[in-house]
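Next come the chains, spelled out residue by residue.
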Amino acid sequence: MQDANSHLPIAIIGAGPIGLSAAVNLLAAGLEPIIFESGEQVGEHLARWGHVRMFSPWSYNVDPVAAEWLTPTGWQAPRADAFPTGAELLADYLQPLAALPEIASRLYTATRVTHVSRLQHDVLRSQGREEAPFVLRVSGPDGERDVLARSVIDASGTFQCPNGIGAHGIPALGELAAAERIAYGVPDITGKAREDYAGKTVLVVGGGHSAFNALQDLVSLAEQNPDTRILWGVRSATLDNVIRSPKDDELQERRALEVRIQQWLEDGRFEVVTNLAIEAIHPQEEQGARLVVESGGQRLPAVDRIISATGFRPDLALLSELRVSLDPATQSPARLAPLIDPNQHSCGSVPEHGAAELTHAEPGLYILGIKSYGRAPTFLMRTGYRQVKSVVAALLDPDAVTPAPVCGAISSTANQASRQCEPSCG
C-alpha cells in the first residue's frame, strides 16, 4: 500500500488543534496532507466555548513543531504559564497556524467528510483491501466529490455529539422536544446567553468539571441577579468527591475550581439533587414556558433552563465501511481502552501512548485527539500532540510499530514516550 499509493495525500478530518498539529508534523516529515474542516473556520468548536478558561497552561496547548513553523512569521509565543480561554487559543495560535501558506493551501473549510471507505471495497471485502487507497466522500461549497488518500487521520473531535441526559444513556423522553431550552456543554452564561439565565431557575446536570464551570458562572450571575435559582443534579448518591485533585496537582487551576465549588456547596449556593436518573422532561402544565423533570419517579422543581454537562461521544458513522477496532465500552481504539477507562483510572493515572495503541484492523487509519478517547473524559491536548508525533513516525516507518505493553517503557520508534503518568483533564 505504501508504494502503490505513496503519491496520494494523507487525509486529515478536522482542523482543530490536533488536526492542524497533524498537518504541520506531516509537512515537517516530508509527507503531504490534505485537511477537511466541516466548520466555516478552523477550530469551530473552540469558538463555541471561547468564553471558557482552560485548566491547562499555554505550554500544554502549543505543538512544538507548530511553534517552530510559526516563529519565523513573527508570531510571539504566549506566556507558557498563562491559561488561555478557548477564544484566545483560537486567535493566538490556531488561526495563525492555519494562515501559514503551507497549511492554507491544503485546507478546505466548510467541507464535511460524510463517509470513508476503500476504493471499490466495502467493509466485507478483504481481497486486495490493504492495497486499495482510502476514498473520502466530501461535501463542500461546490457539491460532493470523492478524494483518494493513502492514509486517514480522523481528528474530528466529539463536540458535535453531546451525550443525552436520560438515565439510560439515550435522550430522556421529551428531551429532543425541549432542545431549545437545553444547553449542552458550558454556555456563555455571563455573556451572550445572559438573558437566558439571569433571574431564572436553572438545572445543571453532571458531576464533572464542565458542570463546575457552569455552576461557577451561575453563582457569579446570581450575585448580580438574586432571583437566579441554581439546582445541581448528579447521578451519584453523595457529593463527597468534589475535590478530586491532589494538593500538588499539575493542573492547579482545576483544583482551584474544585475548591471553589466545594465551598459554595457548603455555603448552600446550590440546591443539590442526588441519585439523579432523568426519565422524562415535559412542559409544566400551568406554565408552558417552564420544564418539569421526572427522576426516579419524583418530580424536580420546575425549571426555566437545563444545562447538560454530561460529556460527549464520538461520531463513528463516517467510518462505518472501515474495519475499526473499538472497545465496546469506551468506544476508543481497543488497545488504548485499558489505559484510559474511567472505571479503572483516576485522575493522574493515564499513561502516555502512541501509534501501537491507536492502530485498527484497517491499516492506515488513525483516530487521534479527544475522539480517540471515545467517551472517556481524561484527554489533554498535550496528549494529542504526542499521539500525532507517534503516528507520523509510524507513517514514515510502519514496521516500527509493535503492540506496546501496558506497563514499562515503549521501545519502538513510533512510540517514543516513556510510561510516565499524565493527569486527566477532568
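Please refer to the structure placed before this passage.
What counts and how
Residues numbered from 1 in each chain as written. Predicted model: local features only at pLDDT ≥ 70, side-chain atom pairs only at ≥ 80, totals over all residues. Heavy atoms only, no water. Helix = DSSP H or I, 4+ residues; strand = E, 2+ residues; numbered from the N terminus. Buried < 20%, exposed > 50% of the residue type's maximum accessible area, 1.4 Å probe, protein only. Contact = heavy atoms within 4.5 Å. Areas by Shrake-Rupley, 256 points an atom, 1.4 Å probe, with all protein chains shown as cover. Lys, Arg positive; Asp, Glu negative; His and termini not counted. Charge placed at Lys NZ, Arg CZ, Asp CG, Glu CD. Pairing = 2+ DSSP bridges. Axes fitted to C-alpha atoms, helices over the stretch in contact; angles between N-to-C directions. Salt bridge = Lys/Arg side-chain N within 4 Å of Asp/Glu carboxyl O. Parallel < 35°, antiparallel > 145°, perpendicular 65-115°, else oblique. Left-handed = near helix turned anticlockwise from the far one by under 90°. Nonpolar A, V, L, I, M, F, W, Y, C, P; charged D, E, K, R; others polar.

Describing the overall build of the protein
Phase 1 of the analysis: Within the protein, the secondary structure is distributed over twelve helices and 18 strands.
Phase 2 of the analysis: Counting only residues that meet the buried cut, the protein has 51% of its 426 residues in that class.
Phase 3 of the analysis: Here the analysis covers contacts within the protein between residues at least 6 apart in sequence; of these, 70% occur between residues at least 24 apart.
Phase 4 of the analysis: For the protein, the accessible area works out to roughly 18,600 Å², and carbon and sulfur atoms hold 50% of it.
Phase 5 of the analysis: Taken as two groups, the 35 positive and 50 negative side-chain charges of the protein have centres that lie 1 Å from each other.

Here's the deal with the sheet that holds strand β4 (residues 112-118)
Phase 1 of the analysis: Taken in spatial order, the three strands of this open sheet run β4-β5-β6, and their pairing is antiparallel. Two strands bound the open sheet, and with one partner strand each, they are β4 and β6 (143-149). Between one strand axis and the next, the sheet turns through 20 degrees on average, direction left out of account.
Phase 2 of the analysis: Sheet topology note: the strand β5 (residues 134-140)/β6 ladder contains seven bridges and is antiparallel. Looking at β6, one finds that S139 is bridged to E144.

With respect to the sheet that holds strand β11 (residues 271-273)
Phase 1 of the analysis: Taken together, five strands build an open sheet; the order of strands is β8-β15-β9-β10-β11 and the sheet is parallel. The open sheet is flanked by β8 (182-184) and β11, the only strands paired with a single partner. Shown here is a sheet whose adjacent strand axes are inclined to one another by a mean of 20 degrees, direction ignored.
Phase 2 of the analysis: Relative to strand β15 (residues 305-308), β8 runs parallel, the two being bridged by three bridges. By the bridge assignment for β15, Y184 is matched with S308.
Phase 3 of the analysis: Most of the contacts of helix α8 (residues 209-224) go to strand β10 (residues 229-233), to which it runs at about 165 degrees, and overall it touches β9 (201-205), β10 and β15.

A word on the pattern of salt bridges
Phase 1 of the analysis: Under the counting rule described, the total for this entry stands at 13 salt bridges.
Phase 2 of the analysis: Where E362 meets R118, a salt bridge forms, and the shortest distance between an N and an O atom there is 2.9 Å. Here E362 is found in the loop between α11 (355-358) and β17 (365-367), whereas its partner R118 is found in strand β4, with 244 residues between them in sequence.
Phase 3 of the analysis: According to the relative accessible area criterion, R118 is buried, its value standing at 2%.
Phase 4 of the analysis: Salt bridges sharing common partners tie together R118, R129 and E362.

Here we look at the environment of G233
Phase 1 of the analysis: Along the chain, the position of G233 falls in strand β10.
Phase 2 of the analysis: Of the residues examined, G233 reaches a relative accessible area of 0% and is grouped as buried.
Phase 3 of the analysis: Sequence separation between G233 and Q263 is 30 residues; the distance between their C-alpha atoms is 17 Å.
Phase 4 of the analysis: Excluding anything up to four places from it in sequence, G233 contacts L203, V204, V205, G206, V273 and L276.

Concerning the packing of α8 against helix α9 (residues 252-266)
Phase 1 of the analysis: Between α8 and α9, whose axes approach to 10 Å, the crossing angle comes to 55 degrees. In terms of orientation, α8 lies oblique with respect to α9. Crossing handedness for the pair α8 and α9: left-handed. Where α8 approaches α9, its residues H209, F212, N213, L215, Q216 and V219 are matched on the opposing element by R254, L257, E258, R260, I261 and W264.
Phase 2 of the analysis: The class makeup of the residues in the contact of α8 with α9 is six nonpolar, three polar and three charged.

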